[in-house]
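Tertiary structure, described
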Amino acid sequence: MLPFFPTPYRDELLYSVFARYHLRSANNSFRATLVNLFGSPTVCATFGLPTCLDALAERITSNRVISMGQLIRDHTLFPFYRPFLSQERADKVIRQMCDPNLGSGIHNTIGQMASRLPAACKLRYCTICIEEDGDDFGEPYWHRSHQVFGVRVCHRHGKRLVDSEVKTGIHGMKHAFIALEPVHPKGDLPDTENQSTVHDKWFADQVFWLMNQSHALPVIGLENLWLRYKYYLSQMGLTTVHGNIICRELMKRFSKFYQEDFLKELHSYFVSASTQNWLLDLVRKPRGVSHPLHHLLLIRFLGLSVKNFISEEVESVHPFGRCPWPCLNRAAAHFRKELIWHCTITRNSETGAPVGTFACSCGFNYARTGPDHTQENRYQYSRIVAFGRVWEKRLQDLAGGGKSLREIARQLSVDPKTVHRHLALAQETTSEVFDATEYYAEREMRRKKWLELYESQSSIGVKAARNQAPAHYAWLYRHDKQWLIEHCPRQHRSQVVNFRLDWNLRDEELSARIDEAVERIKKRVKPAVRVSISSIGKELGALALLQRCIDKLPITKSRVNNLLETKEDFVARRLKRGEIC
């Protein structure tokens, strides 16, 4: 058991607590401190997500200073990652922080490795915070809100953070806990200028809020994150009527929103013409976890705070809301009841707005131009597609009861002319009594007339023939439709040749750019990249072409195969440049 353990200060990094313990314990070496805290001299001094916390808990339990859950929640960077993980991954990170045998894979679990964002290599501090902490607590300490990658200013003072000389992880002393006070004693503070951008203060505020509210925040889950992004992007007009993301427009507006230099400093810049980048990974159906910094960049672009993004309820991205939808047949007993489970969506050719067609089992079909903006829009229609048998029966009942046209129209919410037209059609249908002899005689006459037209002008199309003999076409369509279909002029479709893609030209253009792309890849230092089909494709912004259509590009294929590096070639190149010692 430890004889004492320092009480953590507000927003203090757990690494800083261990460093203050080392000073107060007067140990001759950091390894002695590691043995005191964890029972092992080989534990790494990780600053963001420390490990072996179960061993630490056993040693400080008797002091009852603070629980292990509080240490993780209030003094590590875990709350920064937690909302953007799946529940399974969040639980796994907790296990990795506690179990000394699982800590090696923690950065893979949180998405640090997949994001290609560099880990912070130096601890940072705010010069004003050092002075205030000295006045309030008698000593300065490392603030955890200052150590998140992407946060470049202090959330309290808006002052640019200063990189200390204390290196973290593999960059510095792996087994040392360095306190802030000996590094920068009071009275020896650098005078830094505030060179922050308009986005820096927002990021600092959101990260601080996120880490201090995480105990009350749910794990959103990757699927829900994706659905939220789709909803808010649809509100910005960046989705199609079917809910698909308009990727090119999104990347264009996103790049315009942020300055290029700002994104490059955060290692988050991408080429707008590329088809694979971190932004598109966020808005596509999730396949893996992404770094929280990328989530914050997108949330900022959406015009939201992290609090609003996480806590607000979002609706379906369907332009007409969630199913089921109401039946708007006033003649039915289920009027305005939500019984329609299927909606066919088309696009208005003039305005581009989505048009939904809703069909009820009673036969009543209606269409509405969307998207819906209010709940009341669900109970409106733009036009009636079909009235159905229930509506027609109600019409006959009202007409048989002696109701006037206007009264019937009022009860059925239609125009009086519509009532008159449907009553006339119903009367015509019921009064039709066909005499077999007259019917067959008329059919033969109309067939003969149509065949004469068909044989004399067989080169014309159906529409032209219909315009020349509208009465014969209408009668045959109504009474002899199958015969009419078999004896209509055939449409002569012209042979369509697709000239959209010239693979030879594309092959020449692409192969001419390969040498420059390979040269840029080889000059890249951090991180060094092996010359492969994947890296060449990404550099050219043509990854899909090289992966899927390489056989259609023989010159490019030959050039690429000649320039590819094996793993041995890659290692030899790095040794030659002195990157590997």
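The structure under discussion appears in the preceding block.
Residues numbered from 1 in each chain as written. Predicted model: local features only at pLDDT ≥ 70, side-chain atom pairs only at ≥ 80, totals over all residues. Heavy atoms only, no water.

**Here's the deal with the overall build of the protein chain**
Note the following rule: Going along the chain from the N terminus, every DSSP run of H or I of four or more residues is numbered as a helix, and every run of E of two or more is numbered as a strand. When a residue's accessible area, from a 1.4 Å probe over protein chains only, is under 20% of the maximum for its type it is buried; when over 50% it is exposed; and in between it is partly exposed. Contact definition: two residues touch when any of their heavy atoms are within 4.5 Å. Residue exposure ignores everything except the shown protein chains as possible cover, and the areas themselves are Shrake-Rupley values with a 1.4 Å probe.
Scanning the protein chain from terminus to terminus reveals 30 helices and eight strands. A principal-axis box enclosing the C-alpha atoms of the protein chain has dimensions of 120 × 65 × 45 Å. When the 581 residues of the protein chain are sorted by exposure, 44% land in the buried category. Pairs at least 24 apart in sequence give 64% of the contacts found in the protein chain among residues at least 6 apart. As presented, the protein chain carries roughly 32,300 Å² of accessible surface, and 49% of it is formed by carbon and sulfur atoms.

**Concerning the packing of helix H11 (residues 200-213) against helix H16 (residues 292-301)**
Stated precisely, the cut-off is as follows: Between the N-to-C directions of two axes lies an angle of 0 to 180 degrees, each axis being a line fitted to C-alpha atoms and, for a helix, fitted only over the stretch in contact. Every angle not falling under 35 degrees, over 145, or within 65 to 115 is termed oblique; those three ranges are roughly parallel, roughly antiparallel and roughly perpendicular. For any pair of crossing helices, the crossing counts as left-handed if the nearer helix is rotated counterclockwise from the farther one by less than a right angle, and right-handed if it is rotated clockwise. Any residue that is not Ala, Val, Leu, Ile, Met, Phe, Trp, Tyr, Cys, Pro, Asp, Glu, Lys or Arg is counted as polar, Gly included; the first ten are nonpolar and the last four charged.
For the pair H11 and H16, the least separation of the axes is 11 Å and the interaxial angle reads 120 degrees. When the interaxial angle is binned, H11 and H16 end up oblique. H11 and H16 meet at a crossing whose hand is right-handed. From H11, Trp202, Phe203 and Val207 reach across to H16, where they touch Leu293, Leu296, Leu297, Ile299 and Arg300. Across the contact of H11 with H16, the residue classes break down as seven nonpolar, no polar and one charged.

**Overview of the packing of aromatic side chains**
Which entries qualify depends on this criterion: Working definition: rings of Phe, Tyr and Trp (its six-membered ring) pair if their centres are within 6.5 Å, and the pair is stacked with planes under 30 degrees apart, edge-to-face with planes over 60 apart, and tilted otherwise. By definition, being over a ring means that NZ of Lys or CZ of Arg is both within 6 Å of the ring centre and within 35 degrees of the ring normal.
Applying the stated rule across the entire model yields 32 aromatic pairs. Centre to centre, the rings of Trp202 and Phe203 are 5.1 Å apart; their planes meet at 85 degrees, and the pair counts as edge-to-face. Take Phe203: its relative accessible area is 2%, and that puts it in the buried class. When the ring centre of Tyr379 is taken as origin, the NZ or CZ atom of Arg336, which lies over that ring, is 4.2 Å away.

**Topic: the pattern of salt bridges**
To be explicit about the condition: The salt bridge definition used is simple: a Lys or Arg side-chain nitrogen within 4 Å of an Asp or Glu carboxyl oxygen.
What the rule picks out here adds up to 23 salt bridges. With a shortest N-O distance of 3.7 Å, Asp11 and Arg144 are connected by a salt bridge. Of this pair, Asp11 sits in the segment before helix H1 (14-25) while Arg144 sits in the loop between helix H9 (127-137) and strand S2 (162-167), placing them 133 residues apart in sequence. Since its relative accessible area comes to 10%, Asp11 is described here as buried. One salt bridge in this structure joins Asp480 and Arg447, with 2.6 Å as the shortest N-O distance. Highlighted residues: Asp480 in the loop between helix H23 (470-479) and helix H24 (481-486) and Arg447 in helix H21 (residues 436-456), separated in sequence by 33 residues. For Arg447, a relative accessible area of 16% gives the class buried. Three or more residues joined by partner-sharing salt bridges are found here, namely Glu12, Arg20, Arg24 and Glu139.

**Section: the sheet that holds strand S7 (residues 365-369)**
Rule in force here: Two strands are counted as paired when DSSP detects at least two bridges linking them.
If you walk across this open sheet you meet the four strands as S5-S6-S7-S8, and the pairing is antiparallel. A single partner strand is all that each edge strand has here, and the edge strands are strand S5 (343-347) and strand S8 (383-386). When the angles between neighbouring strand axes are averaged without regard to direction, this sheet yields 25 degrees. In this structure, S7 lies alongside S8, joined through three bridges in antiparallel fashion.

**Examining helix H27 (residues 533-540)**
Residues of H27 that are buried include every one of Ser535, Ile536, Gly537 and Leu540, and no others. Its buried side turned inward, H27 meets helix H25 (503-512), helix H26 (514-523), helix H28 (543-548) and helix H29 (554-563). Residue Gly541 follows H27 closely and has a positive phi angle near 70 degrees.

**As for the state of the cysteines**
To keep it simple, the criterion reads: Here, the term disulfide refers to a pair of cysteine sulfur atoms separated by no more than 2.5 Å.
One pass over the structure, following the stated rule, counts zero disulfides. Note on Cys362: no disulfide assigned, nearest cysteine sulfur contributed by Cys360 at a separation of 3.7 Å.

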